[in-house]
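Structural description and commentary
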Amino acid sequence: MALPRPGAAFWAGLGLAGLGLWHALLAPLPLLARLEQVTEDWRQQLRSQPVTPHPDIAIVDLDESSLQALGHWPWPRERLAALSDELLQRQQVAALGVDLVFPEPTPGDPALARAWQGRPVLTGFYLSADRGGLRSGQPPQPLFALPGPRPSGLPPWNGLAANTPTLAAAAPRGGFFNVVPDTDGLVRSVPGVAVLDGQAWPSLALAMALQAAGQPAVQPELQAAGAGRAPLLEALRVLPAGQAAQRLALDEHGQWRVPFQGPGGPGGGSFRYLSAAEVLAGHLPAGSLRGQLVLLGSSAPGLADLRATPVNPALPGVEIHALMLAGLLGGHLAQRPAWAPGYEAGLILLTLTATAWAVRRRSPARALTALAGVGAAVVGQALAWQQADRVLPLASALLLGGLYAAALLTRGLMHEWQQRRTLQRLFEQYLPPARARALAARGDTQALEASNRELTILFCDLRGFTTLSEHLPPQALRDLLNRYFGTVTDIVHRHGGTLDKFIGDAAMAFWNAPIAQPDHAVRAVRAALDLAQAAGPLSAQLRAQGLPGVRFGIGLATGTVCVGDLGTPQRRTYTAVGDAVNLAARLEALTRELDVALLVADSTRAACGQQLDAAVDWLEVDECQVKGRQQSVTVFTVLPASSPNRSTQQAQVQNWVLALRAARGDDARTARALLASLQQSLMPDAAALSTAPSHATAPAPWAALCARLSARLAQAPEADGTP
């Protein structure tokens, strides 16, 4: 068995899946990466609520007021030495982290070195990746030596700017204060360690955290990254003396996410900012900063240490180090785990699969399930960040899933629109335009499916069409048929019928499909009456143009038939087939034999019930044997109730029924008497009625019926057996 060919939706999903896997596993796509950054910023902003200042961390700020009060930067090293003495001696801070670098020697270096000597001072230095790899000054002591090449993913630093040897000897510990902005210029992460010449140095924040922990040993935790690739630095293992080891996980670039708190800055409330000029002036009571970890940095714009971040477009760089230090002390620094690419790839595939599962079926339950899945992914990502310090990707899966959903929905809408257009074009062949548009707007494709349904079927044809076509030229014949078909179409549509087809000079229509019509039989009878009455005006129009007049033959039957879109793949049509269809066609043919314009099967008479009793009188024609059926059918014709004397017409109908029953009961004498009485009421000159029925003034179909019953009674024996 041949497998179905994949459709456009399959290829769209496959293309989006390939795009997502390329982004997650091989090379991040700028658009998806930027979207991930935007959503992460939004989540960070939701997490970053204003808090009270950290109780263990303070910032001494070389702010604008300090520079105005004490002079522009750089300050003399002696002044910095005095500031250091104030913090380390009088304020008794636990550690002083210097977010500044002094690579050039000055006469004041010895004074500053004496202030730092033997005290908990952690200095900073700056790493560079310039082409020249220039180096100046002497960096602090490294954290550890690496046994092999630089771990993959870490920035390729090749130069540095550190303090002078004099200052480095006085304060041998410290860390780098580099921050690495993302491609959009915002700082979201800070490296935990940096590698240069096989040595690993801590960040300034990590160096201060280790100082607060008693300078424990630190070991790298490396993970193999595959053949031909350097290992990954997966984590740092901190080994405090006499305590359990602490694991600090890193992302694939050796970084941690900055744990922003509030908007930041001197008025942001995350940390206590102290003006350097006020501290130097001794405005703080002695011991006000006892036991605290203090960072010395600047918020002054002129010192160019303001960083663009998701929560603040100009956050002082020293506060970024303070935030990292707070995260290390609290044990909560989030990072993107090494397995994030595989997680992202799996989430993309799962999202695309769930989207196809939910959208293509258009099931509300499936849609709600898919939305619940999206909500679970969002909540799970938030919990992973909040509880497990894991930053997991989410935006790429949501975007690709949304694009796929939009593509599927668009394709579905286009398919539905095309289907409705097809339905409309199809039903416009059978229904009035307004009904065809309404049916197509509902998009009810099941209306086309073949099903068994009770219909009332009408057949109508031109009497004597064969003779007409033999004597009329083709152009005149075409005009005749066009007028006739136009009349039939207008009347059928006016009564809500479905015009099935034209068969030569015959037309077939039915009611109760494709739209359900509980009164389908009544509608069909009314349409048949209008068709019978339309023959006269149409004949008059044709005669006025030199064309022969016409007469209609109409047959109606009701029954359960198969109706729907039937045929072959090459040619299909919306039609009905079944016994009632055959019966209606046979009754239409029988109108020629009985010389009655309209014949209605007893099934249609029964379906109408009493709904037409106020508008018409039902006249039973006879029990007839139709071709192809073993059982006889009782057929009726319909007399409009618009005659001047309704009671006289009803009496005539009753008289006819009695005569017909007497004839069926072999009571010829009674039947003749009743027929004579009926003929007398119809026309005083009964002889004229029998000799010239075509010119009789009695209303149709009395002349033909009376003549047929008279001929039947002429051959019937009397009740006593005599002819």
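Section: the overall build of the chain
Helices and strands together make up the secondary structure of the chain, namely 22 helices and 26 strands. Buried residues in the chain amount to 48% of all 723 residues. Counting only contacts in the chain whose residues sit at least 6 apart along the sequence, the fraction spanning at least 24 positions is 73%. In the structure as shown, the chain presents an accessible area of about 33900 Å², 56% of it carried by carbon and sulfur atoms.

Describing helix H20 (residues 668–682)
Between its first and last C-alpha atoms H20 spans 20 Å; for 15 residues at 1.5 Å apiece the expected length is 21 Å, and the two agree. Where H20 is concerned, the buried positions are Ala668, Ala671, Leu675, Leu678, Gln679 and Leu682. Seen end-on, H20 carries its buried residues on one side only, within an arc spanning 100 degrees. Along H20, exposed side chains directed more than 90 degrees from the buried face belong to Arg669 and Gln680.

Side note on the nonpolar core
Counting 46 residues, the largest nonpolar core has Ile457, Phe510 and Trp656 as the members making the most contacts within it. In terms of residue count, helix H17 (residues 579–594) provides more of this core than any other element does, eight residues in total. Excluding its chain neighbours within four sequence positions, the residues that come into contact with Ile457 are Met508, Ala509, Phe510, Gly555, Leu556, Ala557, Val561, Ala580, Val581 and Ala584. Judged by nonpolar contacts, the second largest core, of 45 residues, contains Phe144, Val238, Trp256 and Ala326.

Focus: the pairing of strand S1 (residues 57–61)
By the criterion of burial, S1 is predominantly enclosed, with five of the five residues buried. A two-sided burial pattern is seen for S1, the buried positions comprising Ile57, Ile59 and Asp61 on one face and Ala58 and Val60 on the other. Bridge analysis of S1 against strand S16 (residues 293–297) gives five bridges, and the strand direction is parallel. Each residue of the ladder has a partner; that of Ile57, found in S16, is Leu293. Sheet analysis places S1 next to strand S15 (residues 272–275), joined by four bridges and oriented parallel. Residue pairing in the sheet places Ile59 in a bridge with Tyr273 of S15.

A look at the sheet that holds strand S13 (residues 246–249)
Pairing within the open sheet is antiparallel, and its three strands lie in the order S11-S12-S13. With partners counted over all chains shown, the strands left at the sheet margins are strand S11 (217–223) and S13, one partner each. Recorded for the sheet is a direction-independent mean angle of 30 degrees between the axes of neighbouring strands. In this structure, S11 lies alongside strand S12 (residues 232–239), joined through seven bridges in antiparallel fashion. Counted as the bridge partner of Glu221 is Ala235 from S12.

Section: the packing of helix H7 (residues 204–212) against helix H9 (residues 317–330)
Contact geometry for H7 and H9: axes closest at 8 Å, N-to-C directions at 40 degrees. As the angle between them shows, H7 and H9 are arranged oblique. In the crossing of H7 with H9, the sense of the turn from one axis to the other is right-handed. When H7 is examined against H9, the residues Leu204, Ala205, Leu206, Met208, Ala209 and Ala212 are found in contact with a partner set consisting of His321, Met324, Leu325, Leu328 and Leu329. Of the residues that constitute the contact of H7 with H9, the class distribution is ten nonpolar, one polar and no charged.

Brief notes about a nonpolar patch on the surface
Taken together, Phe10, Trp11 and Leu14 make up a surface patch of nonpolar side chains, about 330 Å² in accessible area. Summarising the element assignment, Phe10 is placed in helix H1 (residues 8–26).

Notes on the packing of aromatic side chains
Evaluated as defined, the whole model comprises twelve aromatic pairs. Ring centres of Trp656 and Trp702 lie 6.4 Å apart, and the angle between their planes is 75 degrees; this geometry places the pair in the edge-to-face category. Note that Trp656 is positioned in helix H19 (residues 646–664) and Trp702 in helix H22 (residues 702–714), a separation of 46 residues in sequence. Accessibility assignment for this pair places Trp656 and Trp702 in one class, buried. Ring pairs connect the aromatic residues Tyr484, Phe485, Phe502 and Phe552, which therefore count as one cluster. In this structure, Arg79 packs its charged tip against the face of Trp75, placed 5.2 Å from the ring centre.

Observations concerning the confidence of the model for the chain
Summarising the model, the chain shows a mean pLDDT of 85, and 89% of its residues fall at 70 or more. Here helix H21 (residues 686–691) is the element of the chain with the lowest mean pLDDT, 41, and S16 is the one with the highest, 97. Low pLDDT (under 50) marks residues 685–699, which in the prediction has twelve contacts with non-local residues, meaning those over four places away or in another chain.

Quick look at the pattern of salt bridges
Taken as a whole and assessed by the stated rule, the structure comprises 29 salt bridges. Asp251 serves as the salt-bridge partner of Arg257, at 3.9 Å between the closest nitrogen and oxygen. Among the residues examined, Asp251 registers a relative accessible area of 4% and is labelled buried. Across the pair Arg592 and Glu588 runs a salt bridge whose closest N-O atoms are separated by 3.2 Å. Highlighted residues: Arg592 and Glu588, both in helix H17, separated by four residues, approximately one helical turn. Note on Glu588: relative accessible area 7%, which makes it buried. Look at the salt bridges and you will find they share partners, linking Arg34, Asp41, Asp182, Asp184 and Arg188 into a network.

A closer look at the pairing of S16
Counting buried residues along S16, five of its five residues qualify, which places the element largely inside the surrounding structure. The pairing of strand S2 (residues 95–98) with S16 spans four bridges and is classified as parallel. What sits directly across from Val98, in S16, is Leu296.

Focus on the side chain of Asn163
The residue Asn163 is located in the loop between strand S6 (159–161) and helix H6 (165–170) in this model. Asn163 gets classed as buried once you look at its relative accessible area, which sits at 2%. From its side chain, Asn163 meets the backbone nitrogen of Phe102 in a polar contact 2.7 Å long. Aside from chain neighbours lying at most four places away, what touches Asn163 is Leu100, Val101, Phe102, Pro103, Trp116, Thr123, Gly124, Gly137, Gln138 and Ala168.

A closer look at H22
When the terminal C-alpha atoms of H22 are compared, their 18 Å separation across 13 residues agrees well with the 18 Å that a helix rising 1.5 Å per residue should span. Buried within H22 we find Trp702, Ala703, Ala704, Leu705, Cys706, Leu709 and Leu713.

Let's talk about the packing of H20 against H22
Helix packing for two helices is described by the angle between their axes and how far apart those axes are. Close contact between H20 and H22 brings their axes to 11 Å; oriented N to C, the two are set at 155 degrees. Overall, the two elements H20 and H22 adopt an arrangement that is roughly antiparallel. The two elements H20 and H22 meet at a crossing, and its hand is left-handed. Contacts between H20 and H22 pair Ala668, Ala671, Arg672, Leu675, Leu678, Gln679 and Leu682 from the former with Trp702, Cys706, Leu709, Ser710, Leu713 and Ala714 from the latter. A per-class count over the contact of H20 with H22 returns ten nonpolar, two polar and one charged.

Things to note about the side chain of Thr637
Here Thr637 shows up in strand S26 (residues 633–640). On the accessibility criterion, Thr637 (3% relative accessible area) is buried. A distance of 2.8 Å separates a polar atom in the side chain of Thr637 from the backbone oxygen of Leu598. Thr637 has contacts with Val596, Leu598, Asp617, Trp618, Leu619, Val621 and Pro701, leaving out every residue within four places of it along the chain.

Reading guide: rules and limits
- Residues numbered from 1 in each chain as written.
- Predicted model: local features only at pLDDT ≥ 70, side-chain atom pairs only at ≥ 80, totals over all residues.
- Heavy atoms only, no water.
- Helix = DSSP H or I, 4+ residues; strand = E, 2+ residues; numbered from the N terminus.
- Buried < 20%, exposed > 50% of the residue type's maximum accessible area, 1.4 Å probe, protein only.
- Contact = heavy atoms within 4.5 Å.
- Areas by Shrake-Rupley, 256 points an atom, 1.4 Å probe, with all protein chains shown as cover.
- Expected span 1.5 Å × (residues − 1).
- Arc of directions from axis to C-beta.
- Core = buried A, V, L, I, M, F, W, Y, C linked by side-chain atoms within 4.5 Å.
- Pairing = 2+ DSSP bridges.
- Axes fitted to C-alpha atoms, helices over the stretch in contact; angles between N-to-C directions.
- Parallel < 35°, antiparallel > 145°, perpendicular 65-115°, else oblique.
- Left-handed = near helix turned anticlockwise from the far one by under 90°.
- Nonpolar A, V, L, I, M, F, W, Y, C, P; charged D, E, K, R; others polar.
- Patch = residues over 30% accessible without salt bridge, like charges linked within 9 Å, V, L, I, M, F, W, Y side chains within 5 Å.
- Salt bridge = Lys/Arg side-chain N within 4 Å of Asp/Glu carboxyl O.
- Phe/Tyr/Trp six-rings, centres within 6.5 Å; stacked < 30°, edge-to-face > 60°.
- Lys NZ or Arg CZ within 6 Å of the ring centre and 35° of its normal.
- pLDDT = per-residue confidence, 0-100.
- Polar contact = N/O pair within 3.5 Å; in protein donor to acceptor, adjacent residues only side chain to side chain.

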